[in-house]
Amino acid sequence: MQQETLAPSGLGELDIDLSEDDAAFAEEWMTWLDTHLPAMHEKLADAGRDADKQALARDWQSQMAAGGWAAITWPLEFGGRAATARQQLIFYLTSAERRVPPLAGRIGINLCGPTLIAHGTSEQQQRFLPPMLDGRHVWCQGFSEPGAGSDLASLRTRGVVDGDSLVITGQKIWTSGAQYADWMFALVRTDPDAPKRRGISFVLVPMTANGIEVRPIRQISGDAGFNEVFLDEVRVPLTNVIGELNGGWNVTRTTLANERAILFMGQQMALTATLRKAITMAKVADPQGVRAADDPHFRDRIAQAWIDVELVRLNGMRNLARVLAGKEPGPEGAMSKLFGQHVEQKLHELALDLGGEFAILDRGAPDAPNRGKWALGWLRTRASTIGGGTSEIQRNVLAERILGQPRDPWADA
Amino acid sequence: MKFEFTEEHQALRSLIAGVCEQQADPRACYDGQSMIDTRLWSVLCSAGVVGVGVPEAYEGGGGGPVEQVIIAEELGRAVAAVPFSEHAAAAETVALLGSEEQRKRLLFPLARGEAVAGIVLPTPANLKAVEAHRDGARWRLSGHIPLIPNAGAATALLVPAHEDGQVRWLVTEAAQVSALPTVDRTRPAAAAEFGDADAELLSGTDISERPGELLMTLAAAEAAGAAASALQTTARYTTERHQFGLPIGTFQAVKHRLADMLVAVENARSAVYGAAWALAEGETAALSASLAQAVATGNAVAVVSDAVQLHGGIGVTWECDLHLYLRRVKALEATYGSPSTHRGRIADSLLDR
Ligand SMILES: Cc1cc2nc3c(=O)[nH]c(=O)nc-3n(C[C@H](O)[C@H](O)[C@H](O)COP(=O)(O)OP(=O)(O)OC[C@H]3O[C@@H](n4cnc5c(N)ncnc54)[C@H](O)[C@@H]3O)c2cc1C
């Protein structure tokens, strides 16, 4: 069999026609990367502490913003490039290929920015978008609460109108990056008497305001990635409410379906890299001379892992073909989250298992497989089927929206 | 670009779906002794579907694997009892390996569907079972093949045999083909007794894997289509059937199973399309074909089994069409290599190079 078994889906493989504009876009992006990327890679390699990495991620974002690369999907007037689907594809592919570091403020740029652009007043846009773009303001998302996870609309953090201010009291939880954030976009209940989804407002809260306390939560892996955020009579001007007061639920609905169709590329490349490494290691004998590649059960699981990663790629390509042809993303797009997160979990579990008895060794032990990184990856990916909507909720969505099944009787109308 | 279905592709899909809806009668193979859905086959022949992969110069449709996969998927959706996939793989072999004279003579009847072709794949067991000897300008085949999938209605057979240390392909219309009772009557298998049957040797000497890869891909497409249809039927049923005062699709145990079935179906289709495009672009498709087989047939068995479960008692009756689907996908899973066989091939290529 001559076929390249672990083909990266490079641009060549996609076989898409690039317009002159697209080609110029690609050229400009590559040239920009050549000038800026090597120095940043060097600095990142030397960075030790989390805080240093965070500072570098901000520095990188300001460079990207200056080059016009921080938010390519935003409209031109806000410092974006109104990138076409093909250009986004080029951008994400090369970002993954060339290991372009993530932006410090990606949550703001990807989630809050489009919402502001769609629903904000021009004053709000002028005020919040420029510092969001260049990394002066890093944002976190304050949606989930202790009592409101999957059932987000049951959230109870109160926002009481007092003159021209909103006074916010309550608690958010699982807030990723809140410990570094300057601002939080949050959902708060501004009308407790209205039906669940009609009494919610979308509001921007400075993390430096009086009455805010952030407590990091240690994750399953030992990292401190998300936080509890306590709000005690935090006062923000009413001009920080995006959209109508009590109209916040609809404001959050700004969808990113097209973008998601293209983002799969990054996911697929990460999966391929993990698989490639796992396969390489399976062929090497452990300290006792045992090779996972000689074990029939592992061989079958490795083949299945390759199949799964291929399926993530193929589903993505099908969806991409639709999007590039100007059609709505198909069911493949909605599926890819459910399937992709499952594949990611299974793959990391396999990588850990391949170590056999040595899988129990953690960082610091000389014979720990992949220097303990497999264990870390395995633990971290337990969250894949929870964050951003659990797999149970995804199954509901698929069955209801694509297969036309009735909604859960307890769900809101 | 790859994976983009054009309007012509969509039109082809609707055409086949329409023909199947009006003409397909899979039950004929269960109620009588029929080895093929004669009416459907003749409609497919006159619509030029049977020879879609044959070059236009030989009266074929000049299509390729993508068109063939669409057809096979729709035929699978209808559990159509026609040997489209095997016939297509046999014609592909002749087109690849026949001399110009042989192509002219052999491809016309195949393109028109006047001859129904079966194909014996060059597995070690099959190659051991048959011998070919020269007899003047012609050849003679001897031996016995106990199982040729979906060849119950075949009037011509493509047979591989060792000749001078090489695998060569022969065409015979003189083998004694006897249909065998099969669990899935819509793909009736046959045994072949050659007994010095007259045959001719295709002139090409390439050891082409392509007919087998095409066949595996088309069989996988049939499975994907059958699974998609079973899912569709089931998703409708679960909104209509009420228990405890609610449509049963309200219950999450049902709903979530449906969602998993959807993922399984779409994965099967993606795997099949991946193989179709690999074949269409002339890439080495061994791995893609194994991927298609490993995913589509296994997933189809899981999906159709779930479909039976979600129908309750009615799902396990003769009257309900689901058993036609269940039999079909199980047969497809067992044919041309099981999912675990194909995973084995994938593992070999990943780990033993
Ligand atoms: C790594 C990570 C980062 C996160 N970052 C953020 C962030 O930055 N900002 C933010 O706001 N949130 C964040 N979250 C929160 C995330 O959105 C929630 O964890 C998620 O929505 C699930 O809510 P929950 O944790 O309360 O679980 P629950 O909703 O309590 O779910 C518990 C279990 O019950 C199941 N369940 C619940 N409802 C149903 C139902 N109707 N049908 C079937 N099963 C059901 C769930 O599937 C799950 O298995 C993050 C989460 C993780 C893991």
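Residues numbered from 1 in each chain as written. Chains lettered and ligands numbered in written order. Predicted model: local features only at pLDDT ≥ 70, side-chain atom pairs only at ≥ 80, totals over all residues. Heavy atoms only, no water.

*Asks:* Can you explain the overall build of chain A? Please cite residues and give values.
*Replies:* What chain A contains, in helices and strands, is twelve helices and eight strands. Principal axes of the C-alpha set define a box for chain A whose edges measure 75 × 50 × 50 Å. Counting every position in chain A, which comprises 413 residues, the buried fraction comes to 49%. In chain A, the proportion of contacts linking residues at least 24 apart, taken out of those at least 6 apart, comes to 71%. As displayed, chain A has an accessible area near 19200 Å², and 52% of this comes from carbon and sulfur atoms. Within chain A, one finds 43 positive and 51 negative side-chain charges whose respective centroids are separated by 3 Å. (Helix = DSSP H or I, 4+ residues; strand = E, 2+ residues; numbered from the N terminus. Buried < 20%, exposed > 50% of the residue type's maximum accessible area, 1.4 Å probe, protein only. Contact = heavy atoms within 4.5 Å. Areas by Shrake-Rupley, 256 points an atom, 1.4 Å probe, with all protein chains shown as cover. Lys, Arg positive; Asp, Glu negative; His and termini not counted. Charge placed at Lys NZ, Arg CZ, Asp CG, Glu CD.)

*Asks:* Can you tell me about the site of the ligand, naming the residues and giving the values?
*Replies:* Residues and elements named next belong to chain A. For the ligand, the set of nearby residues contains 18 residues, the closest of which are Gln-141, Ser-150, Trp-174, Thr-390 and Glu-392. Within the backbone of Gln-141, one N or O atom sits 2.8 Å away from a nitrogen atom of the ligand. Within the contact set of the ligand, a nitrogen atom lies 2.9 Å away from a backbone nitrogen or oxygen of Trp-174. Bound to the protein, the ligand loses 67% of the 970 Å² it would expose on its own. Those elements that provide at least two residues to the shell around the ligand are strand S3 (165–176) and helix H12 (391–402). Considering every element that reaches the shell around the ligand, the biggest residue donor is S3, with three residues. (Near = heavy atom within 4 Å. Polar contact = N/O pair within 3.5 Å; in protein donor to acceptor, adjacent residues only side chain to side chain.)

*Asks:* Got a sec to walk through the interface of chain B and chain A? Specific residues and values, please.
*Replies:* With 47 residues of chain B at the contact, the number on the chain A side is 48 residues. Counting each side, the surface lost to burial between chain B and chain A is near 4300 Å², with a carbon and sulfur contribution of 65%. Ranking the residues of chain B by area buried against chain A places Met-1, Leu-350 and Leu-351 of chain B at the top, with a combined share of 17%. On inspection of chain B and its partner chain A, the count reaches seven salt bridges. One salt bridge connects Arg-299 of chain A with Asp-348 of chain B, and the closest N-O pair in it is separated by 2.8 Å. (Buried area = accessible area lost by both parts, 1.4 Å probe. Salt bridge = Lys/Arg side-chain N within 4 Å of Asp/Glu carboxyl O.)

*Asks:* Give a detailed account of helix H6 (residues 122–134) of chain A, specifying residues and quantitative values.
*Replies:* Under the 1.5 Å per step criterion, the end-to-end length of H6 of chain A is 19 Å for 13 residues, consistent within 8% with the ideal 18 Å. Largest kink in H6 of chain A: about 30°, centred on Phe-128 of chain A, with the proline Pro-130 of chain A one to four residues after it. (Expected span 1.5 Å × (residues − 1). Bend = angle between axes of the 7 residues up to and from the residue.)

*Asks:* Go over unusual backbone geometry with me, naming the residues and quoting the values.
*Replies:* Phi is positive for Ala-82 of chain A, which is not a glycine, with a value near 45°. Note on placement: Ala-82 of chain A falls in the loop between helix H3 (50–67) and helix H4 (85–97). In this structure Ala-82 of chain A comes out as partly exposed when scored by relative accessible area, which is 43%. Here the phi dihedral of Val-79 of chain B falls at roughly 40°; this positive angle occurs in a residue that is not glycine. Relative to the assigned elements, Val-79 of chain B resides in the loop between helix H4 (65–77) and helix H5 (84–97). Classification of Val-79 of chain B by relative accessible area gives buried; the value is 2%.

*Asks:* Provide a residue-level description of the side chain of His-256 of chain B, including the pertinent values.
*Replies:* When you line up the elements, His-256 of chain B lands in helix H9 (residues 252–280). The buried category is assigned to His-256 of chain B, whose relative accessible area is 13%. A polar contact is formed between the side chain of His-256 of chain B and the side chain of Asn-396 of chain A, at a distance of 2.8 Å. Excluding its chain neighbours within four sequence positions, the residues that come into contact with His-256 of chain B are Glu-392, Arg-395 and Asn-396 of chain A.

*Asks:* So, the domain arrangement of chain B: which residues are in play, and what are the values?
*Replies:* Residues and elements named next belong to chain B. Domain annotation for chain B reports domain 1 (7–112), domain 2 (117–201) and domain 3 (209–352). Look at where the C-alpha atoms of domain 1 and domain 3 centre, and you get two points 21 Å apart. On the side of domain 3, 31 residues touch domain 1, which itself brings 24 residues to the contact. Summing both sides of the interface, domain 1 and domain 3 together bury roughly 2400 Å²; the carbon and sulfur share of this comes to 64%. Of all residues in domain 1, Arg-27, Tyr-30 and Arg-77 give up the largest surface area on contact with domain 3, accounting jointly for 26% of the area buried on that side. (Domains from an automatic or database assignment.)

*Asks:* Just give me the short version of the packing of aromatic side chains, but keep the residues and values in it.
*Replies:* All names here are of chain A. Following the criterion strictly, the structure yields 21 aromatic pairs over all chains and no others. Centroid distance Trp-29 to Trp-69: 4.8 Å. Interplanar angle 45°. Geometry classified as tilted. Of the two residues, Trp-29 sits in helix H2 (residues 20–46) while Trp-69 sits in the loop between H3 and H4, which places them 40 residues apart along the sequence. The class of Trp-69 is buried, set by a relative accessible area of 1%. Ring centres of Trp-32 and Trp-60 lie 5.6 Å apart, and the angle between their planes is 55°; on these two criteria the pair is classed as tilted. Taken together, the residues Trp-32 in helix H2 and Trp-60 in helix H3 connect sequence positions 28 residues apart. Residue Trp-32 is classed as buried on the basis of its relative accessible area of 12%. (Phe/Tyr/Trp six-rings, centres within 6.5 Å; stacked < 30°, edge-to-face > 60°.)

*Asks:* Now, about the environment of Leu-204 of chain A: what can you tell me, with residues and values included?
*Replies:* Residues and elements named next belong to chain A. Assignment of secondary structure puts Leu-204 in strand S5 (residues 200–206). With 200 residues separating them along the chain, Leu-204 and Gly-404 place their C-alpha atoms 36 Å apart. Beyond its immediate stretch of four places on either side in the chain, Leu-204 contacts Cys-112, Leu-116, Phe-128, Trp-139, Trp-183, Met-184, Phe-185, Val-236, Asn-240 and Ile-242.

*Asks:* Can you explain the nonpolar core? Please cite residues and give values.
*Replies:* Counting 140 residues, the largest nonpolar core has Leu-75 and Val-272 of chain B as the members making the most contacts within it. Within the second largest apolar cluster, 46 residues are counted, among which are Trp-29, Ala-70, Phe-143 and Leu-155 of chain A. (Core = buried A, V, L, I, M, F, W, Y, C linked by side-chain atoms within 4.5 Å.)

*Asks:* Just give me the short version of the state of the cysteines, but keep the residues and values in it.
*Replies:* Residue and element names in this part refer to chain B. Per the stated rule, a full pass over the model turns up zero disulfides over all chains. No disulfide involves Cys-20; its sulfur sits 13 Å from the nearest other cysteine sulfur, which is in Cys-45. In this structure Cys-20 comes out as buried when scored by relative accessible area, which is 6%. Between Cys-320, a free cysteine, and Cys-29, which holds the nearest cysteine sulfur, the sulfur-to-sulfur gap is 18 Å. (Disulfide = S-S within 2.5 Å.)

*Asks:* Give me the packing of helix H10 (residues 286–311) of chain B against helix H12 (residues 339–351) of chain B: which residues, what numbers.
*Replies:* Residue and element names in this part refer to chain B. At a minimum axis distance of 8 Å, the contact between H10 and H12 shows a crossing angle of 145°. The element H10 and its partner H12 pack so that their crossing is left-handed. For the pair H10 and H12, contact is made by Leu-287, Ser-290, Leu-291, Gln-293, Ala-294, Thr-297 and Gly-298 and by Pro-339, His-342, Arg-343, Arg-345, Ile-346 and Ser-349, respectively. When the residues that make up the contact of H10 with H12 are grouped by side-chain class, the tally is five nonpolar, six polar and two charged. (Axes fitted to C-alpha atoms, helices over the stretch in contact; angles between N-to-C directions. Left-handed = near helix turned anticlockwise from the far one by under 90°. Nonpolar A, V, L, I, M, F, W, Y, C, P; charged D, E, K, R; others polar.)

*Asks:* Break down H4 of chain A for me, citing the residues and quoting the values.
*Replies:* All names here are of chain A. Taking 1.5 Å of rise per residue, the 13 residues of H4 would be expected to cover 18 Å, and the 18 Å separating its terminal C-alpha atoms lies within 8% of that figure. Looking at H4, one finds that the buried residues are Gln-87, Gln-88, Leu-89, Ile-90, Phe-91, Tyr-92, Leu-93, Thr-94 and Ser-95. Positioned one or two residues after H4, Arg-99 has a phi angle of 50°, which is positive.

*Asks:* Talk me through the pairing of strand S4 (residues 183–189) of chain A; I want residue IDs and the actual numbers.
*Replies:* Residue and element names in this part refer to chain A. Among the seven residues of S4, seven are classified as buried, and the element is accordingly described as predominantly covered. The alternating pattern of S4 places Trp-183, Phe-185, Leu-187 and Arg-189 on one face and Met-184, Ala-186 and Val-188 on the opposite face, and all of these are buried. Note: S4 against S5, seven bridges, orientation antiparallel. Among the inter-strand pairings, Val-188 is bridged to a residue of S5, identified as Ser-201. (Pairing = 2+ DSSP bridges.)

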